[in-house]
Amino acid sequence: MAIAIALILLLVGSILFHFLSPWQLTPLASNWGSIDDTIGITFWVTGFVFVAVNVFMAWAIVRYRWRADRRAEYEPENKKLEWWLIGVTTVGIAALLAPGLFVWASYVTVPDDAHEVEVVGQQWHWGFRFPGEDGSFGRVDTRLVTGDNPFGMDASDPAGRDDVLVHGSRVRLPVDRPVKALLRSRDVLHNFQVAQFRAKMDLVPGQLSYLWVTPTRTGEFEILCAELCGIGHFAMRGMVEVVEPEAFEQWLAAQPTYASELARAAPDAAAGKALYTPCAACHGAEGQGNVQMNAPRLAGQDAWYLIRQLEYFKAGARGAHPDDTHGQQMRAFAGMLADRAAMADLAAYVETFPVPPPVISIDGNPQRGARVWRNCGACHGSEGQGLQATQAPRLAGQDDWYLERQLENFRRGIRGRHPGDAYGWQMAEMARLVGDEEATRDLIAHINTLALTAANRQDRATDLARRTD
Ligand code: CUA
């Protein structure tokens, strides 16, 4: 009897949990209501079977409990019962599978009026490409991927010239218009998922997969990678912003095309020298950094990272937080640079600075820090040399007091949470993994040891030699 009561309690508890739990489907934001319907049908069928089987077991336990005057009877053949069981199971399985087949058929049949966007996944962020005015995508090849050409664009294909390249994990889509998302991976398996769209699909290296969806309401919806793809998988998120069609067209027109990226003039370090004058007051004449002025070392940092941060400061994606007092100062200086070309000139000049040995001011346990570092090294490079492929800057040789402050800023949401900061979001998540202040100091103590490795010095020496050639 106790077991029968326990079964019924479990049954009632499960049903109550299903209806009362806070973990329900997020409100739908696409045409895929049919996917919700199939989920609903699946729950009803499996729920009915779950209830029926448990009630039958509880009833059988009570009804056929042991009594001295009763014996069990063995009945290997019961045609009537078997027909019933086969019939009911067949109906149940068909009810589970059939709706899915219909939904799948429409899921893989893209409407003719759908516009296209290409979604490129990599460890551990997203990029997006629109076909431009000619309506067709230019050729791409993974072998052409470099730090400056993350999409692997083939410069010899004229169709690619007007392609619109969206770097970073935020994209906009127009409401009420079907869109076909072509999915491509640069490295390993990923999975593009937007929960509110009820749509997801794997990105398979070497293949082009797709899904289509019609966003039905405006708003911001998070893109999740739903395939375990390495150490930073959990941080591989993005945002799709569904907006009115006019706002979408405006935004799209403001994005750089491949042609405009190709047309960028080579940066001019000599022009950058003049632009550097106001920077020197805080960062030092050779970008050596100055802790009294709260100005980090610039010498040794890669140009692509400096340009991006200057763009962020200027646009308010960094330094606009009310608690970021030092960042606010930088905003004023970044605002003095006319455009991206000026930033590139400035960064090219900074790259000519010699790299002095690091100044170590933070004490910690580098052995303990090395364990945390494994997470960081996945993006920043095992030697902290910085990797443009993952958009992670050089950390080795950077001022340790500055690293500590930035980790704190990321953790507290002072940096990295602005929608314009395409890669800061990841760091904000990562910074929370580091732990308390002591763990942060241990980590930074480890980064300080990286600065001294021969590999880094070698890197730097070859870099400089190449540049002066
Ligand atoms: Cu990409 Cu998980």
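Cut-off values and rules
Every chain's residues receive numbers from 1 upward, in the order its sequence appears when written. In view of the model being predicted, local features appear only for residues whose pLDDT reaches at least 70, and side-chain atom pairs are presented and counted only at 80 or more, with totals across whole chains, interfaces and linings using the full set of residues. To get the side-chain values, all heavy atoms of the structure are used, and hydrogens and water are removed first. We define a nonpolar core as any set of buried Ala, Val, Leu, Ile, Met, Phe, Trp, Tyr and Cys residues linked to one another through side-chain atoms lying within 4.5 Å. The cut-offs for exposure are 20% and 50% of the maximum accessible area for each residue type, with area from a 1.4 Å probe on protein chains only; residues under the lower value are buried, those over the upper are exposed, and the others partly exposed. Under the pairing criterion, centres of Phe, Tyr and Trp rings, with the six-membered ring standing for Trp, must be within 6.5 Å; the plane angle then separates stacked pairs below 30 degrees from edge-to-face pairs above 60, leaving the rest tilted. Strands here are runs of E lasting at least two residues and helices are runs of H or I lasting at least four, both read from the DSSP assignment and numbered beginning at the N terminus. Definitions used throughout: a 1 Å grid over protein atoms alone; a cavity as a set of points that fits a 1.4 Å probe which cannot get out; a pocket as an open set with protein on both sides within 12 Å along at least five of seven lines; a lining residue as one with an atom within 4 Å of a point. Grid points are joined across faces, edges and corners, and a volume is the space filled by probe spheres set on the points. Following the grouping adopted for this structure description, the nonpolar residues are Ala, Val, Leu, Ile, Met, Phe, Trp, Tyr, Cys and Pro, the charged ones are Asp, Glu, Lys and Arg, and the polar ones are all others, Gly among them. By definition, two strands form a pair when at least two bridges between them are found by DSSP. To get an axis, fit a line to the C-alpha atoms, keeping to the stretch in contact for a helix; angles then go from 0 to 180 degrees between the N-to-C directions. We call two residues contacting when some pair of their heavy atoms lies within 4.5 Å. Residues form patches when they are more than 30% accessible in relative terms and have no salt bridge. Like charges link within 9 Å. Nonpolar side chains (Val, Leu, Ile, Met, Phe, Trp, Tyr) link within 5 Å. Method for areas: the Shrake-Rupley scheme with a 1.4 Å probe, in which residue coverage is limited to the protein chains shown. A side-chain nitrogen of Lys or Arg and a carboxyl oxygen of Asp or Glu constitute a salt bridge if their distance falls within 4 Å. These descriptions rest on fixed angle ranges, namely under 35 degrees for roughly parallel, over 145 for roughly antiparallel, 65 to 115 for roughly perpendicular, and the rest for oblique.

**Observations regarding the nonpolar core**
Counting 41 residues, the largest nonpolar core has Trp126, Phe130, Phe192, Phe197 and Val240 as its most contacted members. Listed in part, the 19 residues of the second largest apolar core include Cys279, Ile307, Leu337 and Leu346.

**Quick look at the packing of aromatic side chains**
Considering all chains together, one arrives at 16 aromatic pairs under this definition. Both rings, one in Trp126 and one in Phe192, keep their centres 5.6 Å apart while their planes meet at 85 degrees; by these two values the pair is edge-to-face. Linking Trp126 in strand β2 (residues 125-130) with Phe192 in strand β6 (residues 190-194), this pair joins segments that are 66 residues apart in sequence. Accessibility classification places Trp126 together with Phe192 in one group, the buried group.

**Here we look at empty space enclosed by the protein**
Counted under the stated rule, the structure contains one cavity of 30 Å³ or more. Looking at the largest cavity, its volume works out to about 110 Å³. Of all the secondary structure elements, the ones that give two or more residues to the lining of the largest cavity are β1 (115-122), β4 (170-174), β5 (179-185) and β8 (209-213). Of the residues assigned to the lining of the largest cavity, the class counts are 13 nonpolar, no polar and no charged.

**Quick word on the sheet that holds strand β10 (residues 237-243)**
If you walk across this open sheet you meet the five strands as β4-β10-β9-β6-β7, and the pairing is mixed. Edge positions in the sheet fall to β4 and β7 (199-203), since each of these pairs with one other strand and no more. Within this sheet the neighbouring strands show an average axis-to-axis angle of 25 degrees, counted without direction. Across three bridges, the pairing between β6 and strand β9 (residues 219-225) is antiparallel. Bridging across to β9, Gln193 finds its partner in Leu224. Each of β4 and β10 touches helix α4 (residues 245-254); the most contacted strand, β4, lies at about 135 degrees to it.

**Quick look at a nonpolar patch on the surface**
A cluster of nonpolar side chains, contributed by Ile8, Val12, Ile15, Leu16, Phe19, Leu20, Trp44 and Val55, occupies part of the molecular surface with about 810 Å² of accessible area. Counting residues per element, the ones that place at least two in the nonpolar patch are α1 (2-20) and α2 (33-63). The greatest single-element share of the nonpolar patch, amounting to six residues, is contributed by α1. For Ile8, the location among the structural elements is in helix α1. Residue class for Ile8 comes out partly exposed when judged on its relative accessible area of 32%.

**Details of the side chain of Glu241**
Within the secondary structure, Glu241 is located in strand β10. Ignoring any residue separated from it by four or fewer positions in sequence, one finds Glu241 in contact with Arg170, Val171, Arg172, Leu173, Gly219 and Glu220.

**Some thoughts on the packing of α2 against helix α3 (residues 79-107)**
Relative orientation of the contacting elements α2 and α3 amounts to 170 degrees, with a least axis distance of 9 Å. When the axis of α2 is compared with that of α3, the two are roughly antiparallel. Along its contact with α2, which presents Ser34, Ile35, Thr38, Ile41, Thr42, Val45 and Thr46, the element α3 presents Gly92, Ala95, Leu96, Pro99, Gly100, Val103 and Tyr107. A breakdown of the residues in the contact of α2 with α3 according to their chemical character gives eight nonpolar, six polar and no charged.

**Describing unusual backbone geometry**
Across the junction of Gln123 and Trp124, the peptide omega takes the value -5 degrees, indicating a cis bond. One can find Trp124 in the loop between β1 and β2. Here the phi dihedral of Asp176 falls at roughly 60 degrees; this positive angle occurs in a residue that is not glycine. Its place among the elements puts Asp176 in the loop between β4 and β5. A relative accessible area of 56% means that Asp176 is categorised as exposed. Backbone geometry at Gln391 places phi at a positive 60 degrees, although glycine is not the residue there. The topology assignment puts Gln391 in the loop between α10 (366-380) and α11 (400-411). Residue Gln391 is classed as buried on the basis of its relative accessible area, which comes to 15%.

So yeah, pure geometry; function would need other evidence.
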